[in-house]
Amino acid sequence: MKGSIFGRALLPIYTILALLFLLIPIVYTFIFSFNDAFKTNIQWQGFTWHNWTNVCDAQGVCEAFGNSIIVGVVATLAATALGTALAIALVRYKFRGRNIVSLLIFLPMATPEVVLGAGLAAQFFSLGTPKGMLTVIIAHTLFCLSFVVVTVKARVASLDASIEEAGRDLYASPGQVFWRITFPLLIPGIAAAALLSFALSFDDFIITYFNSGSMQTFPTFIYISAVRGVPPEANVIASAVFVLAIVGVTISQVVSSVRRRRLAASR
Amino acid sequence: MAEVSLSSSGTELTLQGIRKEFPGFVAVDNLDLTIRAGEFFALLGPSGCGKTTTLRMIAGLEDPSAGKILLGGVDITDTKAYKRPVNTVFQSYALFPHLTIFENVAFGLRRRKVSNAKELALAALDLVQLAHVADRRPAQLSGGQQQRVALARAIVNRPALLLLDEPLGALDLKLRREMQVELKKIQADVGLTFLHVTHDQEEAMTMADTVAVMNNGHIEQMGAPESMYDLPETAFVADFLGQSNVFRGMASSANASTIEVAIPGGTTLRVPVARASAHSGDVSVGVRPEKMSIHAGAVAPQTDTNVISGGRVTDVSFTGVSSQYSIDFGPLGNVVVFEQNLKALPTVDLGDVVSVSWKVERGFGLRDHRAAVIDEASEL
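Residues numbered from 1 in each chain as written. Chains lettered and ligands numbered in written order. Predicted model: local features only at pLDDT ≥ 70, side-chain atom pairs only at ≥ 80, totals over all residues. Heavy atoms only, no water.

A. Quick look at the overall build of chain B. Along chain B, the regular secondary structure elements total eight helices and 20 strands. When each of the 380 residues of chain B is scored for burial, the buried share is 52%. Across chain B, contacts joining residues at least 24 apart in sequence account for 68% of those joining residues at least 6 apart. Accessible area of chain B: about 16,300 Å², with a carbon and sulfur share of 50%. (Helix = DSSP H or I, 4+ residues; strand = E, 2+ residues; numbered from the N terminus. Buried < 20%, exposed > 50% of the residue type's maximum accessible area, 1.4 Å probe, protein only. Contact = heavy atoms within 4.5 Å. Areas by Shrake-Rupley, 256 points an atom, 1.4 Å probe, with all protein chains shown as cover.)

Pasting the structure below:
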């Protein structure tokens, strides 16, 4: 009898512990964004809104965050555009070396980031390219590209080729077929790929650290400032990003479930 | 270059020596074909015979390896698909899932910048009785409705030639029969040239003015459905278009009107010269099951009637208005006879020894004796 109660409780306890394990660092970060800290943000000094209302007070935080956004947006745009074109080519066209390209696309994903970062840094050095925003964007585009190709490829493969043929049959030029048929139908895949790219780019530390020179992104800023204590403003930004992401996911889930229900109802 | 134009009556299509090679095999081999303006033409054949490839070449979705495609006398072989005044109803319908039904139908008109696109699209939706779903998306319609949208989307452009790629294949039997009638009616109303590709011989025969039976990349025979059924020239056509009994033999003698063909077992069959596609050497005699009679025991041969005796009934199936008999004639193979149940119930029983007979003028002479093997695996 005792055993069975224990057995029944095991799964919930395990689940709660696992969730706690996952959530504690996030909750910690969130709580300490309200810490009235001076110099170090390790001990709780008291509650304040000040960090949230004056985020840019800490030196370099907003600049680093801004750099991260610029790098993320540009790398995402470049990787999504290039990767979408590549994915379409790999699925729709037969060309010499297609299989090799398909395989090589996985390489940046499989290579350890340290190796990729160091390798790129060496390349930039031998090319004489000064490290900074540009080199970071190039590096991020490179590793995001793989993820975009993989994500969009799946979407292209699920697209019935005869739909595009119907477009050609109905007087649409190749450009019109792409923009009016192929592209709108690929949007879910492309959007997913872009979100993934941005998240990967925003989050990346190792490759960025090797190639950023004196420029700081949000992750490298935190790494460097960790030596003398991360300012609570960094917690504010991290928490805000987390909250925004959660809100975004929730909205998209609700919208898609409403749409699905409406579609089912009108059938 | 052929210009896209609004056509009111359809245009003649001519294929000259069209050939299509894919790596490892020839899908269409030296095809010549003319479809008259305003005609309902059916291209009939088993899967993998090259009929869909032919249609795709006419649509411009596939480039022929050799040959010419002429539309109304204009060479369109090198014209891009989107510049050809030809529209297709795809087998999978291929509706644009992200556009409304109305936008689907108006798509071709808008690409050509037709000024009254809205009225024309609504009129086309009216024609297929789907104006009430104009604002919905394809996924919200049933299969039959989607099929009609695909049809409206094509005919709204008044193409010089409408291509139908097994458009009824995905529908259930009842809906299919309804759509056959509707399609035929719409063709009569709009007066376009229709090229219908199908593997359903009944569909081809009920709908088309002209049927071409295709096999292994070439056309076996072409003509009006009635005459093709009455007088097939090859065993493949005899077998694919309805059912046939074919007896392989050797022409033994011939006069001006009749050929005598000796078949295994010492029997001689007669076939009119006018109804034979070969007059000497190997000639096979064929006859439709419903043109035959079945008799208990042996029957004396007559000059105007062919008789084969000594068969054993292996199967009798009663279907109400008629009965179908399967009779084993040993080396001659199996013979199928349909008999209407005009008088009483089936006249012979399972295991009976019987004869079959038919009027000489009902048979036909074939130049080959066996249908070419249809290789399902070679399907595209």
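And the narrative resumes.
B. Structural detail: the packing of aromatic side chains. Residue and element names in this part refer to chain A. Under the defined criterion, the tally for this structure stands at 23 aromatic pairs over all chains. Seen from their ring centres, Phe34 and Trp49 are 5.4 Å apart, and the 90° between their planes marks the pair as edge-to-face. In this pair, Phe34 sits in the loop between helix 1 (2–31) and helix 2 (50–53) while Trp49 sits in the loop between helix 1 and helix 2, placing the two residues 15 residues apart along the sequence. A ring pair is formed by Phe205 and Tyr223, whose centres lie 4.7 Å apart and whose planes are at 50°; its orientation type is tilted. (Phe/Tyr/Trp six-rings, centres within 6.5 Å; stacked < 30°, edge-to-face > 60°.)

C. Examining the nonpolar core more closely. Leu13(B), Leu15(B), Phe96(B), Leu161(B), Leu163(B) and Leu195(B) are the most contacted members of the largest nonpolar core, which has 58 residues in total. Ala106(B), Ala124(B), Val190(B) and Leu241(B) belong to the second-largest nonpolar core, a separate cluster that totals 48 residues. (Core = buried A, V, L, I, M, F, W, Y, C linked by side-chain atoms within 4.5 Å.)

D. Fine view of helix 2 (residues 101–111) of chain B. With respect to burial, helix 2 of chain B is a largely interior element, nine of its eleven residues being buried. Residues of helix 2 of chain B that are buried: Ile101(B), Phe102(B), Asn104(B), Val105(B), Ala106(B), Phe107(B), Gly108(B), Leu109(B) and Arg111(B). In the core, the buried residues of helix 2 of chain B are packed alongside helix 8 (161–169) and helix 9 (174–203) of chain A together with helix 3 (117–127) and helix 4 (143–155) of chain B. Directly after helix 2 of chain B, the chain includes Lys113(B), whose backbone phi takes a positive value near 55°.

E. Spotlight on the interface of chain A and chain B. At the interface, 21 residues of chain A touch 28 residues of chain B. In total, chain A and chain B occlude about 2,200 Å² of area from one another, counting both sides; carbon and sulfur atoms represent 59% of this. The largest contributions to the chain A side of the interface with chain B come from Asp169(A), Leu170(A) and Tyr171(A), which together make up 36% of the buried area. Viewed at the interface, chain B and chain A are joined by one salt bridge. Between Glu165(A) and Arg56(B) there is a salt bridge; the shortest N-O distance is 2.7 Å. At the boundary of chain A with chain B, the tally comes to eight residue pairs in polar contact (both at pLDDT 80 or more). Only helix 8, helix 9 and helix 12 (232–266) of chain A provide two or more residues apiece to the side of chain A that touches chain B. A total of seven residues in the side of chain A that touches chain B trace back to one element, the largest contributor, which is helix 8 of chain A. (Buried area = accessible area lost by both parts, 1.4 Å probe. Salt bridge = Lys/Arg side-chain N within 4 Å of Asp/Glu carboxyl O. Polar contact = N/O pair within 3.5 Å; in protein donor to acceptor, adjacent residues only side chain to side chain.)

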